Amino acid sequence: MDWGRCNVWGSGLGKTTSVRQFAAGVSVGGVYQLIGNVWEWTSGDFNAVDAEDQPLELLSPLRAIRGGAYDTYFEQQACCAFRSGERPFSRKHNIGFRCALCACDVAGPRPEAEALLQGASQ
Amino acid sequence: MIKPARQPLDSFRLVHNSSLMACYLCGAGNTYDTELCRDCFAPMALAHQAAAQKVSPHLIAALGSDSVGKTVYLGMLIDMLSRQPDRMQLLARGAFSINLQQTTVGALARGEFPPPTPHEPEHWNWVHCQIRLPARRTPLELIMPDLPGEAVQDELDHPRSCKVVYPLLAKSLGALIFIDAARLQQGSLDEDYFSMKLLSYLAEIHDGPRPDWSRRPVALVLTKADECEPCFDDPGAFLKSRAPGFWRQCNERLSNYSVYAASVTGGCAFRRGRYSRERVPLRIEPRGIVEPFEWLLTQLGGRN
């Protein structure tokens, strides 16, 4: 992993940074800091399994968090495939969220789709 | 028929075995090629290194109850200071000093905790390292053994029964005392009692020229603090409210101490084994690991 492209423990900053930092690490779609800085809440449940896919016992139900944070020590825990869990009402120094909207919700009505819908209703 | 032959006399090669080398910890005499002290099982490499470098390393004790997290803390601390030398630089002396780091970080990377430190002294991990601090011209030489909680508990119950613990504590210039914050949070008083016993034991140690433990620096480290966030906000207040007996003893018996909260994981789950339940880390995000050690070194540095 190139530590200069994201804010994780190996990058050496030791604290959160502005979302606009690490321009070299933007995704193909131009999204900043999908990896590192703060873990991001997801709406999904966290079903913990160990390295051999055996289920783990949790003291309470957890929600999944993804992406790693500025203090994530191992690079394999700061990647898209890795998930961790946290109690839903927990507030921690290294967990945040990202506002996300589906592209179809902001693109506005498409004429072809409108015509198809009108044809179907007639 | 016997032919006379001239055989060179090589007995001079054994001369180093005739003089005994003192163990760095307990002072017992050992032959030159002994690996572990015959009396206390400390690595003789410590004595060899000290003699070769003509310096006397400082001893720092890491003490706490069973499963409090000493091995994980020490292994993580060494790995962090080895990988990121901005605050202070750590150089391991001797290959044996890297065992603890390797065992701990290897296990954490696999998503598990390292195995408990064995009770037998010959299997303990010892760390001899050199620390370079930005504000200090000469480096500090340190020796830190990873003592199992059971051995400390046995020594508290039966003083001087363990040949390592007493000489180590008598010679140590400072200590890291670990207290399980998660157990305190759950209302368990075992940590409170163990720590009180430990302080009482330390108060009874008098070792010639060294100051009593009342004047030696002690960093109190609340481990597993990720399971109770208030612990990070004010570790002293947390300790005072959850371990009142220990807190009172600290105020009465120690004049130079500081309280810290530390955690290595960001959360834990449990794996059901055949006979028991085993904790496994969900993610590794060290917090508050370097601070207590840095404070302790600052206190030691001020003494030299």
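Here the residue index of a chain counts from 1 through its sequence in written order. Numbering of ligands from 1 and lettering of chains from A proceed in the order in which they are written. Residue-level local features of this predicted model are given only where pLDDT is at least 70; pairs of side-chain atoms are given and counted only at 80 or more, and the full residue set underlies all totals for whole chains, interfaces and linings. With hydrogens and water excluded, all non-hydrogen atoms of the structure serve as input to the side-chain values.

Caption draft 1: Here's a closer look at the environment of P118 of chain B. All names here are of chain B. With respect to the helices and strands, the residue P118 is situated in the loop between α4 (99-109) and β5 (125-132). Relative accessibility decides the category of a residue: with a 1.4 Å probe and only protein chains considered, values under 20% of the type maximum give buried, values over 50% give exposed, and everything between is partly exposed. In this structure P118 comes out as partly exposed when scored by relative accessible area, which is 32%. Those residues in contact with P118 that sit more than four places away from it in its chain are H123, W124 and P148. Secondary structure elements are defined from DSSP: runs of H or I of at least 4 residues count as helices, runs of E of at least 2 residues count as strands, and each element is numbered from the N terminus. Note on contacts: a residue pair qualifies if any of its non-hydrogen atoms lie within 4.5 Å across the two residues.

Caption draft 2: Representation of the sheet that holds strand β6 (residues 140-146) of chain B. Residues and elements named next belong to chain B. Only strands joined by at least two bridges in the DSSP assignment are considered to pair. A sheet is described by the order of its strands in space; here seven strands give the open sequence β4-β5-β6-β3-β7-β8-β9, paired in mixed fashion. At either margin of the open sheet sits one strand with a lone partner, and together these are β4 (89-92) and β9 (257-261). Neighbour-to-neighbour, the strand axes of this sheet turn through a mean angle of 25°, independent of strand direction. With four bridges connecting them, β4 and β5 associate as antiparallel partners. The residue of β5 that forms the bridge with L91 is Q130. Axis lines are fitted through C-alpha atoms, for helices just across the contact stretch, and the angle between N-to-C directions can take any value from 0 to 180 degrees.

Caption draft 3: View of the environment of K171 of chain B. All names here are of chain B. Structurally, K171 is set in helix α6 (residues 165-171). The sequence separation of K171 and R83 amounts to 88 residues, and the corresponding C-alpha distance is 30 Å. Filtering out sequence-adjacent residues up to four positions away, K171 remains in contact with Y24, L25, L59, R210 and R216. A polar side-chain atom of K171 sits 3.0 Å from the main-chain carbonyl oxygen of Y24. Identification of polar contacts relies on pairs of N or O atoms within 3.5 Å, with a donor-acceptor requirement for protein atoms, meaning one able to donate a hydrogen and the other able to accept it, and with residues adjacent in sequence counted only if both atoms are side-chain atoms.

Caption draft 4: Quick peek at the pattern of salt bridges. For salt bridges, the criterion is a side-chain nitrogen of Lys or Arg within 4 Å of an Asp or Glu carboxyl oxygen. Throughout the structure, instances matching the rule amount to 21 salt bridges over all chains. As a salt-bridge pair, K163 of chain B and D39 of chain B come within 3.4 Å of each other at their nearest N and O atoms. Taken as a pair, K163 of chain B in the loop between α5 (149-157) and α6 and D39 of chain B in the loop between β2 (29-30) and α2 (44-53) lie far apart in primary sequence, 124 residues in all. In this structure D39 of chain B comes out as partly exposed when scored by relative accessible area, which is 30%. Put simply, E86 and K92 of chain A together with R283 and E285 of chain B are held in one network by salt bridges that share partners.

Caption draft 5: Quick peek at the side chain of S263 of chain B. Within the element layout of this structure, S263 of chain B appears in strand β10 (residues 263-272). Filtering out sequence-adjacent residues up to four positions away, S263 of chain B remains in contact with K224, A225, D226, F232, E285, P286, R287 and I289 of chain B.

Caption draft 6: The sheet that holds strand β4 (residues 95-96) of chain A, seen in detail. Residues and elements named next belong to chain A. Spatial ordering of the open sheet is given by β3-β2-β1-β4, a layout of four strands whose pairing is mixed. On the outer flanks of this sheet lie β3 (83-86) and β4, each paired with one strand and no other. Sheet topology places strand β1 (residues 39-45) next to strand β2 (residues 63-66); three bridges connect them, and they run antiparallel. Bridge pairing in β2 places W41 opposite I65.

Geometry only, nothing functional implied.
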